[in-house]
Amino acid sequence: MSDTRPSARYTEYHPRWYRTHVSTWWWLARWPYLKFILREISSVFVAWFVVVLLLQIRALSRGPDAYARFEHWLQNPGIVLLNLIALFFVVFHAITWFNLTPRAMVVRLRGKRVPDRWIVSANYAAWAAVSLVVAWFLVRP
Amino acid sequence: MAETISLEVLRYSPEHDAEPSFQRYDVPVHKDWVVLDALNYIKDKVDGSLTFRWSCRMGICGSCGMMVNGEPKLTCATFLSDYARDGSPVRVQPLRYFPVIRDLVVEITDFMSKLQSVKPWLIRGDEKPVSEGEYLQTPDQLDRYKQFSMCINCLLCYAACPVYGLDPVFIGPAAIALAQRYNMDSRDEGAHERMDVLAQHEGIWGCTFVGECTQVCPKHVDPAGAIQQYKLTATIERFKSFLMPRGAK
């Protein structure tokens, strides 16, 4: 290193501090960051399922012909593919958020904090219970 | 000398360099050596100009936080032998997102002023006279904040937080966890004073819950948990202030 290279980059008030800039692609650098971004994107697919549900209710209210057209639209390969991707993201959304609930929810019983896995398990149990009720409506004779 | 391991240390001399560059050093591998031991070996035996912060060597002072192979680590608690296996050099860099003063030393005034802004001390409405004795606390009351009190201000959580990197006005994980340490303390009466700082966009609402602060914390403080729990508290307080008559708490 030579002694006289007055080329240090200028930063306001502190000309000699070196500052780095965060890359636009920072979220590709590490798997936990990518997982975070995927979790955030999953909300778009949750919204998509809400839209599908609303369209379904509208079709239902317009009578059997409209509902048949809606079902036909659902069978479109593009829509099936989109719904499969959306299903993956919605499950990813549910699992990642369920696993994070103990961070935000502190439940105390008799002065002691309820262990994290109990809170996570309670979420999964509620999910299973709701799914069973829905399944019962769908498959009952 | 038996086995050696290469360290690639980021060097930056403000007087000479336009930007930092890696310098490679070979250091002996000892089973009980941590990255900080290797840095001290370099400083003592190879290159006295290498600059870095350290003090206690036992995970208490919080001075020796650096990036080791891209991960924020306390170098006094990161064993070289864990990296020696694959034979590739270990990269040591200054903590991410902070301005670099020299080599591995970063500028932390930003954190110090943020920490002060959340008033991390016991705030009392009325101080009772010493003659009336101590403010007593049960083990359960201690348990509510003890985890957050373990913070050593090592700033690994800031180096793990992309929100802080992208938006440096964010108060950040450690400062919020330490605010919660006092908010949750049964002897403290300052929660409403801290709320002005915490319940704003630069405070808890800047956090998008990446959660990496909790993962890298060497003292298991769980700053991500502290922030999410405070989001709940702040929301409840906000609804209360809408619903309740003025002055009611």
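Residues numbered from 1 in each chain as written. Chains lettered and ligands numbered in written order. Predicted model: local features only at pLDDT ≥ 70, side-chain atom pairs only at ≥ 80, totals over all residues.

Quick look at the overall build of chain A
Consideration 1: A count of helices and strands for chain A gives four helices and two strands.
Consideration 2: Reading chain A from its N end, one meets helices and strands in the order α-α-α-β-β-α.
Consideration 3: Across the 141 residues in chain A, those meeting the buried criterion constitute 5%. (Helix = DSSP H or I, 4+ residues; strand = E, 2+ residues; numbered from the N terminus. Buried ≥ 20, exposed ≤ 12 C-beta atoms within 10 Å, placed from the backbone.)

A word on the domain arrangement of chain A
Residues and elements named next belong to chain A.
Consideration 1: Each assigned domain of chain A is listed here: domain 1 (8-104) and domain 2 (106-141).
Consideration 2: A separation of 24 Å is found between the C-alpha centroids of domain 1 and domain 2.
Consideration 3: Taken together, the contact pairs five residues of domain 1 with six residues of domain 2.
Consideration 4: Considering only residue class, the side of domain 1 that touches domain 2 consists of three nonpolar, two polar and no charged. (Domains from an automatic or database assignment. Contact = placed C-beta atoms within 7 Å. Nonpolar A, V, L, I, M, F, W, Y, C, P; charged D, E, K, R; others polar.)

A word on unusual backbone geometry
All names here are of chain B.
Consideration 1: Although it is not a glycine, D103 adopts a positive phi angle of roughly 45°.
Consideration 2: Tracing the backbone shows D103 in the loop between β6 (100-102) and β7 (105-106).
Consideration 3: In this structure, K119 takes a positive phi of about 50° despite not being glycine.
Consideration 4: Within the fold, K119 resides in the loop between α3 (109-117) and α4 (139-146).
Consideration 5: Overall, K119 belongs to the partly exposed group, with 17 C-beta atoms counted inside 10 Å.

Brief notes about the interface of chain A and chain B
When the parts of a complex come together, some accessible area is lost, and that lost area is often used as the size of the interface.
Consideration 1: With 19 residues of chain A at the contact, the number on the chain B side is 27 residues.
Consideration 2: Those elements giving two or more residues to the side of chain A that touches chain B turn out to be α1 (31-61) and α3 (77-104) of chain A.
Consideration 3: For the side of chain A that touches chain B, the per-class residue count stands at 12 nonpolar, two polar and five charged.

A look at the confidence of the model for chain A
Regions with low pLDDT should not have their predicted coordinates read in detail.
Consideration 1: For chain A, mean pLDDT is 89; residues scoring 70 or higher make up 89% of the total.
Consideration 2: Long-range and interchain partners of residues 1-10 of chain A, a stretch whose pLDDT sits below 50, account for 13 contacts in this model, where long-range means more than four residues apart. (pLDDT = per-residue confidence, 0-100.)

Examining the domain arrangement of chain B
Residue and element names in this part refer to chain B.
Consideration 1: Entries for chain B in the domain assignment read domain 1 (4-106) and domain 2 (109-243).
Consideration 2: Here domain 1 and domain 2 have C-alpha centroids that lie 30 Å from each other.
Consideration 3: Between domain 1 and domain 2, the residue contacts involve 12 residues of the former and 12 residues of the latter.
Consideration 4: For the side of domain 1 that touches domain 2, the secondary-structure elements that each account for two or more residues are β3 (65-68) and β4 (71-74).
Consideration 5: Split into classes, the residues belonging to the side of domain 1 that touches domain 2 amount to eight nonpolar, three polar and one charged.

Overview of the sheet that holds strand β1 (residues 4-11) of chain B
All names here are of chain B.
Consideration 1: Read from one edge to the other, the open sheet built from five strands follows the order β2-β1-β5-β3-β4, with strand pairing classed as mixed. Each having just a single partner strand, β2 (21-28) and β4 make up the two edges of the open sheet. Mean inter-strand twist for the sheet, computed between neighbouring axes without regard to direction, equals 35°.
Consideration 2: Relative to β2, helix α1 (residues 35-46) is tilted by about 95°, and along the sheet it contacts β1, β2, β3 and β5 (90-93). (Pairing = 2+ DSSP bridges. Axes fitted to C-alpha atoms, helices over the stretch in contact; angles between N-to-C directions.)

Description of the pairing of β5 of chain B
Within a regular strand, the side chains alternate between the two sheet faces.
Residue and element names in this part refer to chain B.
Consideration 1: Bridge analysis of β1 against β5 gives three bridges, and the strand direction is parallel. Paired with V9 across the bridge in β5 is V92.
Consideration 2: Alignment of β3 against β5, held across two bridges, turns out to be antiparallel. What sits directly across from M67, in β5, is Q93.

Quick look at the nonpolar core
Residues and elements named next belong to chain B.
Consideration 1: Membership of the largest hydrophobic core comes to 64 residues, with the highest contact counts inside it found for L156, C157 and I176.
Consideration 2: Among the elements of the structure, β1, β2, α1, β3, α5 (156-160), α7 (173-183), α9 (212-216) and α10 (223-243) are those that each provide at least two residues to this core.
Consideration 3: Considering every element that reaches this core, the biggest residue donor is α7, with seven residues.
Consideration 4: Filtering out sequence-adjacent residues up to four positions away, L156 remains in contact with G65, P72, L74, V216, C217 and P218. (Core = buried A, V, L, I, M, F, W, Y, C linked by C-beta atoms within 7 Å.)

So, the environment of H72 of chain A
Residues and elements named next belong to chain A.
Consideration 1: Checked against the element boundaries, H72 lands in helix α2 (residues 64-74).
Consideration 2: Given 9 C-beta atoms within a 10 Å radius, H72 is considered exposed.
Consideration 3: Taking the C-alpha atoms as reference points, H72 and W97, 25 residues apart in sequence, are found 34 Å from one another.

A word on the packing of α1 of chain A against α2 of chain A
All names here are of chain A.
Consideration 1: The contact between α1 and α2 brings their axes to 6 Å, and the two run at 150°. By the angle between their directions, the pair α1 and α2 is classed as roughly antiparallel. In contact with L55, Q56, A59 and L60 of α1, α2 contributes A66, Y67 and F70.
Consideration 2: Each residue belonging to the contact of α1 with α2 can be placed in one class, and the counts come to six nonpolar, one polar and no charged. (Parallel < 35°, antiparallel > 145°, perpendicular 65-115°, else oblique.)

Remarks on the pairing of β3 of chain B
Residue and element names in this part refer to chain B.
Consideration 1: Of the two faces of β3, the one lined by G65 and M67 and the one lined by M66 and V68 are each fully buried.
Consideration 2: When β3 meets β4, the two strands line up antiparallel, connected through four bridges. From the neighbouring strand, M66 faces β4, where its bridge partner is K73.
Consideration 3: Two successive antiparallel strands, β3 and β4, enclose a turn made up of two residues, where N69 displays a positive phi of approximately 50°.

Structural notes on α7 of chain B
Residues and elements named next belong to chain B.
Consideration 1: Among the 11 residues of α7, 11 are classified as buried, and the element is accordingly described as predominantly covered.
Consideration 2: The complete set of buried residues in α7 reads P173, A174, A175, I176, A177, L178, A179, Q180, R181, Y182 and N183.
Consideration 3: Here the buried face of α7 lies against α3, α4, α5, α8 (191-198), α9 and α10.

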